[in-house]
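Breakdown of the fold
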There are 2 protein chains.
Amino acid sequence: MPYTKICINLNPFSFDFNLLKPHIALLSEWGFYFMAKKRVSIKDIAKALGVSITTVSFIINGKAREQRISDEVTQKVKKYIKEVGYKPSHIAQSLRLGKSKIIVFMAEDISNQFFASIARFIEERAYKSGYKIIYCSTDNNFEKAKELISTFKRRNVDGFIITPTPNIEESIHDLIEEEFPVVLFDRWLPEVNCSYVIVENKESAYEATQHLIEEGCKNLAFVTVESDQTQMMDRSSGFTEAVKESDVNAFEFRLKFHNLSEVGPYEELLDFFKSKKEIDGVFFATNYLAFEGLQALDTLQRSIPHDVKVVSFDDHYFFNLYKPKITAIEQPLELLSEKLMETMLSHLDELNLGYSPVRLVLPNKLNKRESTEN
Amino acid sequence: MPYTKICINLNPFSFDFNLLKPHIALLSEWGFYFMAKKRVSIKDIAKALGVSITTVSFIINGKAREQRISDEVTQKVKKYIKEVGYKPSHIAQSLRLGKSKIIVFMAEDISNQFFASIARFIEERAYKSGYKIIYCSTDNNFEKAKELISTFKRRNVDGFIITPTPNIEESIHDLIEEEFPVVLFDRWLPEVNCSYVIVENKESAYEATQHLIEEGCKNLAFVTVESDQTQMMDRSSGFTEAVKESDVNAFEFRLKFHNLSEVGPYEELLDFFKSKKEIDGVFFATNYLAFEGLQALDTLQRSIPHDVKVVSFDDHYFFNLYKPKITAIEQPLELLSEKLMETMLSHLDELNLGYSPVRLVLPNKLNKRESTEN
DNA sequence: TTGAAAGCGCTACCAC
DNA sequence: GTGGTAGCGCTTTCAA
């Protein structure tokens, strides 16, 4: 380990922050609040104001009118609440109501740009609706996912947004059976009757392959990972279909699944391209593979797009920066996230009406760039 | 909006998942569990087994020995718990114990690679210690951060890991006053006595600038954003110091802060480089600026490293992929995350011992690549 | 060795 | 109009 901590526990700090807020010193309640270790509860409020807990609770929850509580009391309570900065405890509310206003977002790997971006949109949307997001990474590992689902159940999370791992069918099925709202994304599970939001993998793969063919490629390679998950299968069959319809040679190169944090499959790709010198068009099934593949092609001094044309699934900021700019299929991240949350929220609303799955398939966009030009 | 949903609510699904698990059908308790809408509670267990709630609780919490509960009862209870798959409710535990085992990770933008990577490491480390992570993005916006802090307090989160926004001093100070463990990262607040884990911004900026000078640059530019946050100030002063010590010209170009999701500052950089044709060495204060700047330099056909040498803060996967490979300062992400959690966990442990801030400053690594070669 | 019961903070039913 | 109170699921003290 090349790094070491170099500095701990510096001298105690002597700046008195209170100097900065003299206006607060004027408010005795605030002063008290800052000193108190204990947070003020609804009971404290009731006692301080000489009203009942019930009354306070109704006012807090906007039911003052409905319960015909006098304006006088309502105002008094509201004013006091503001003064002491009281906020109801979500924990207690959760326990009481059986809901936590928390949605869990289980991504394959939250540090991956694709998932991180979706996480960001989801989060935004969730906050607007009063929900919080808890996230985690499954590493596409079934055991880990199962474990995570179990602990989240204990937290009364209200819903699950999941990129399903292999073999997770039973866990998902159980969740639905137990009436948890579940929405899958990125891929889905043919064997489970569950909502999902995915993209047109097959159609876009078909379109991208066609594009390569139209640009004159005669020897195509489809580079993918060893996986029987729907999104990969669909991309593969889109490629295959386009190839079948025309008069070109095709190779499918499947790398065994690499954990994203491990060293990339650069070497394998290098060998592959070295052994197939005739290849003049490559379709990468994910941007991750493309990045590694581009390096390999660069090492082999295959010029893009002259010697070989390149297209990749999952557009990325960097494809636009690369020289040449790389043609890629862009997933509608924002729309996808929005639909995910929309679906989740509708399930949350209709909890007692039973579970009627929503299945959405969104179209992508092929961004044609220099890497497939003639 | 170019995208529309194309397919909703497909036909109901008819696959009977139970066919897949005949082994479960044999266990009547499981069957019951799956049917039940209500989760089994400690009370149910006590009733079913004819023992008291207390006894069950002690056994669950590994205090059977301590409380001298008979082996017979202990085994019986444990067996039953396993059978019904009982897991204590975290919500109820939180309410009772005043702790939630949740740490909140407030990043500037969780979809940014830097924060997403740290999030990933943090998460891993947290799970190992029985903590969950809740995350959010502040957008470097004080109002949003304040709002978030307030809602997280209501959730009894146990600790806060925060990239401080401008003007957040008072909120952080209040958190500490209220005895919440807080650890800052990426930058710190000189006015608040708070733990933090940051990197050697000034030292590394100095080193990078020196490197440019050593490679023969005579007209340096430091490209940064308008910000008075510590990490940016430090990077700037590292640059300035190195420049002062030698006989070179220097320009500092400050862009006004762009929200990361907005359109980049490409245009501004283009104008800058156009107006300063003499520049032969550029130091970008963040990788985000570098990406935009590289495009601008490319547009202007300034050849790297021949016409202009380039170095950037925050190493990135793509710097290694770019042609030429870009020299960059690498932050020790994994170590940083580890130290963050270590600090947080130690605060969590020593909650009642008062708050003694830990300040860590970690060294970076300058990865010299083609963009600064001669 | 085991159990009764208080209480964490809140909601909402029911009574006055 | 307002208040009393049960109970969400759990931990832990005290009593037996």
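Residues numbered from 1 in each chain as written. Chains lettered and ligands numbered in written order. Predicted model: local features only at pLDDT ≥ 70, side-chain atom pairs only at ≥ 80, totals over all residues. Heavy atoms only, no water.

Naming follows an unreviewed UniProt entry, where chain A appears as LacI family transcriptional regulator of Mongoliibacter ruber.

Section: empty space enclosed by the protein
One simple way to see leftover space: roll a probe sized like a water molecule over the atoms. To be explicit about the condition: Whether a set of points on the 1 Å grid over the protein atoms alone is a cavity depends on a 1.4 Å probe fitting there but being unable to get out, while an open set qualifies as a pocket with protein on both sides within 12 Å along at least five of seven lines; lining residues are those with an atom within 4 Å of a point. Grid points are joined across faces, edges and corners, and a volume is the space filled by probe spheres set on the points. The helix count covers DSSP runs of H or I at least four residues long, the strand count covers runs of E at least two residues long, and both are numbered beginning at the N terminus. Under the scheme applied, nonpolar residues are Ala, Val, Leu, Ile, Met, Phe, Trp, Tyr, Cys and Pro; charged residues are Asp, Glu, Lys and Arg; polar residues are all the others, including Gly.
If you walk through the whole model with that rule in mind, you get five cavities of 30 Å³ or more. Taken as a whole, the second largest cavity holds about 100 Å³ of empty space. Lining the second largest cavity, in full, are His90(A), Ile91(A), Ser94(A), Ser100(A), Ile102(A), Arg155(A), His90(B), Ile91(B), Ser94(B), Ser100(B), Ile102(B) and Arg155(B). Among the secondary structure elements, those contributing two or more residues to the lining of the second largest cavity are α6 (90-97) of chain A together with α6 (90-97) of chain B. Partitioned by chemical class, the residues of the lining of the second largest cavity number four nonpolar, six polar and two charged.

Things to note about the protein's contact with DNA strand D
Counted only if it meets this: One heavy atom suffices: a residue is near a molecule or strand as soon as one of its heavy atoms comes within 4 Å of it. Any N or O atom pair separated by 3.5 Å or less is treated as a polar contact, with the protein-specific requirement of one donor-capable and one acceptor-capable atom, and with residues adjacent in sequence counted only for side-chain atom pairs.
Every one of the 28 residues lining DNA strand D counts as a neighbour, but Arg68(A), Arg96(A), Ile42(B), Tyr86(B) and Arg96(B) are closest to it. Of what DNA strand D places within 4 Å of the protein, 58% of the atoms are sugar or phosphate. Within the side chain of Arg96(B), one N or O atom sits 2.2 Å away from a base oxygen of DNA strand D. Of all the elements in the fold, those that place two or more residues in the surface near DNA strand D are α4 (53-60) and α6 of chain A together with α3 (42-49), α4 (53-60) and α6 of chain B. In the surface near DNA strand D, the residues fall into 11 nonpolar, 12 polar and five charged.

Describing the confidence of the model for chain A
Heads up, the condition is: As a per-residue measure, pLDDT tells how confident the predictor is, with possible values from 0 to 100. Contact criterion: two residues are considered in contact whenever any of their non-hydrogen atoms come within 4.5 Å of each other.
Of the residues in chain A, 87% have a pLDDT of 70 or more, and the chain-wide mean is 86. This model gives residues 1-37 of chain A a pLDDT under 50, and the stretch forms 59 contacts once residues within four places in sequence are excluded.

Let's talk about the sheet that holds strand β12 (residues 365-367) of chain A
Residue and element names in this part refer to chain A. Which entries qualify depends on this criterion: The rule for pairing is simple: two strands pair if DSSP sees at least two bridges between them. Geometry is summarised by axes, namely lines fitted to C-alpha atoms with helices restricted to the contacting stretch, and by angles between N-to-C directions that run from 0 to 180 degrees.
Read from one edge of the open sheet, six strands run β7-β6-β8-β9-β10-β12, paired in mixed fashion. Because the sheet does not close on itself, it has two edges, and the strands there are β7 (249-255) and β12. Here the strands of the sheet are splayed against their neighbours by 15 degrees on average, with no regard to which way each runs. With seven bridges joining them, strand β6 (residues 219-225) and β7 adopt parallel strand pairing. By the bridge assignment, valine 223 is partnered in β7 with phenylalanine 253. Those strands touched by helix α13 (residues 287-299) are β6, β7, β8 (281-284) and β9 (309-313), and its axis lies near 155 degrees from that of β9.

What to know about unusual backbone geometry
With an omega of 0 degrees, the peptide bond between Lys323(A) and Pro324(A) qualifies as cis. Along the chain, the position of Pro324(A) falls in the loop between β9 and β10 (327-330). In the segment running from Ile304(B) into Pro305(B), the intervening peptide bond is cis, with an omega of 0 degrees. The residue Pro305(B) is located in the loop between α13 (287-299) and β9 (309-313) in this model. One non-glycine residue, Lys101(A), lies in the positive phi region at around 60 degrees. Within the secondary structure layout, Lys101(A) lies in the loop between α6 and β1 (102-107).

Quick look at helix α10 (residues 201-214) of chain B
Residue and element names in this part refer to chain B. The condition that has to hold: Take the residue count of a helix, subtract one, and multiply by 1.5 Å to get its expected span. Partly exposed residues are those whose accessible area sits between 20% and 50% of the maximum for their type, while under 20% is buried and over 50% is exposed, using a 1.4 Å probe and protein chains only.
For α10, with 14 residues, the first-to-last C-alpha span of 20 Å sits near the 20 Å given by 1.5 Å per residue. Among all positions of α10, only Asn201, Ser204, Ala205, Ala208, Thr209, His211, Leu212 and Ile213 are buried. A positive backbone phi angle near 100 degrees is found at glycine 216, which sits one or two residues after α10.

Topic: the pattern of salt bridges
All names here are of chain A. Applicable threshold: What makes a salt bridge here is a side-chain nitrogen of Lys or Arg within 4 Å of a carboxyl oxygen of Asp or Glu, nothing more.
Under the criterion given, the structure shown has 27 salt bridges over all chains. In this structure, the salt-bridge partner of arginine 369 is aspartate 315, at a minimum N-O distance of 2.7 Å. Note that arginine 369 is positioned in the segment after β12 and aspartate 315 in the loop between β9 and β10, a separation of 54 residues in sequence. One salt bridge connects lysine 339 with glutamate 342, and the closest N-O pair in it is separated by 3.4 Å.

Things to note about the nonpolar core
Burial of nonpolar side chains together is a common tendency in soluble globular proteins. Cut-off, in case you're wondering: We call a set of buried Ala, Val, Leu, Ile, Met, Phe, Trp, Tyr and Cys residues a nonpolar core when their side-chain atoms join them within 4.5 Å.
Counting residues in hydrophobic clusters, the biggest one holds 92 residues, and the most contacted among them are Phe283(A), Val223(B), Phe273(B) and Phe283(B). Residues within four places of Val223(B) in sequence aside, it is in contact with Phe253(B), Leu255(B), Leu269(B), Phe273(B), Val282(B), Phe283(B), Phe284(B), Ala285(B) and Leu289(B). By size, the runner-up hydrophobic cluster in this structure holds 56 residues, among which are Leu336(A), Ile122(B), Ile133(B) and Val197(B).

Points about the packing of α3(B) against α4(B)
Residues and elements named next belong to chain B. Going by this rule: Oblique is the label for any angle not under 35 degrees, not over 145, and not in the 65 to 115 range, which are roughly parallel, roughly antiparallel and roughly perpendicular in turn. In this scheme, a crossing is called left-handed if the near helix is turned counterclockwise away from the far one by less than a right angle; it is called right-handed if the turn is clockwise.
Two numbers describe how α3 lies on α4: the axes approach to 8 Å, and their chain directions differ by 115 degrees. As far as their axial angle goes, α4 and α3 are roughly perpendicular. Like other packed secondary-structure pairs, α3 and α4 cross with a definite hand, here right-handed. Contacts between α3 and α4 involve Ile42, Lys43, Ile45 and Ala46 from the first element and Ile53, Val56, Ser57 and Ile60 from the second. Partitioning the contact of α3 with α4 into residue classes produces six nonpolar, one polar and one charged.

Section: the pairing of strand β4 (residues 182-185) of chain B
All names here are of chain B. Both faces of β4 are covered, namely the face carrying Val182 and Leu184 and the face carrying Val183 and Phe185. Two strands pair when backbone bridges link them, and strand β3 (residues 159-162) and β4 are joined in this way by three bridges, in the parallel orientation. What sits directly across from isoleucine 162, in β4, is leucine 184. Judged from the three bridges that link them, β4 and strand β5 (residues 195-199) form a sheet pairing that is parallel. Bridging from a neighbouring strand, phenylalanine 185 pairs with valine 197 of β5.

Side note on the protein's contact with DNA strand C
Looking at DNA strand C, there are 28 residues lining it, with Ile42(A), Tyr86(A), Arg96(A), Arg68(B) and Arg96(B) nearest. A breakdown of the atoms of DNA strand C within 4 Å of the protein gives sugar and phosphate a share of 61%. Tyr86(A) is positioned with one of its side-chain polar atoms (N or O) 2.4 Å from a phosphate oxygen of DNA strand C. A breakdown of the residues in the surface near DNA strand C according to their chemical character gives 11 nonpolar, 12 polar and five charged.

Here we look at the packing of aromatic side chains
Worth spelling out the cut-off: Under the pairing criterion, centres of Phe, Tyr and Trp rings, with the six-membered ring standing for Trp, must be within 6.5 Å; the plane angle then separates stacked pairs below 30 degrees from edge-to-face pairs above 60, leaving the rest tilted. A ring has a charge above it when a Lys NZ or an Arg CZ is no more than 6 Å from the ring centre and no more than 35 degrees off the ring normal.
What the rule picks out here adds up to 31 aromatic pairs over all chains. With centroids separated by 5.1 Å and ring planes inclined at 75 degrees, the aromatic side chains of Phe114(B) and Phe115(B) adopt a geometry described as edge-to-face. Its relative accessible area of 13% is what places Phe114(B) among the buried residues. An aromatic cluster is built from Phe291(A), Phe318(A), Phe319(A), Tyr322(A), Tyr317(B), Phe318(B) and Tyr322(B), whose rings are joined through pairwise contacts. In this structure, Arg235(A) packs its charged tip against the face of Phe313(A), placed 3.7 Å from the ring centre.

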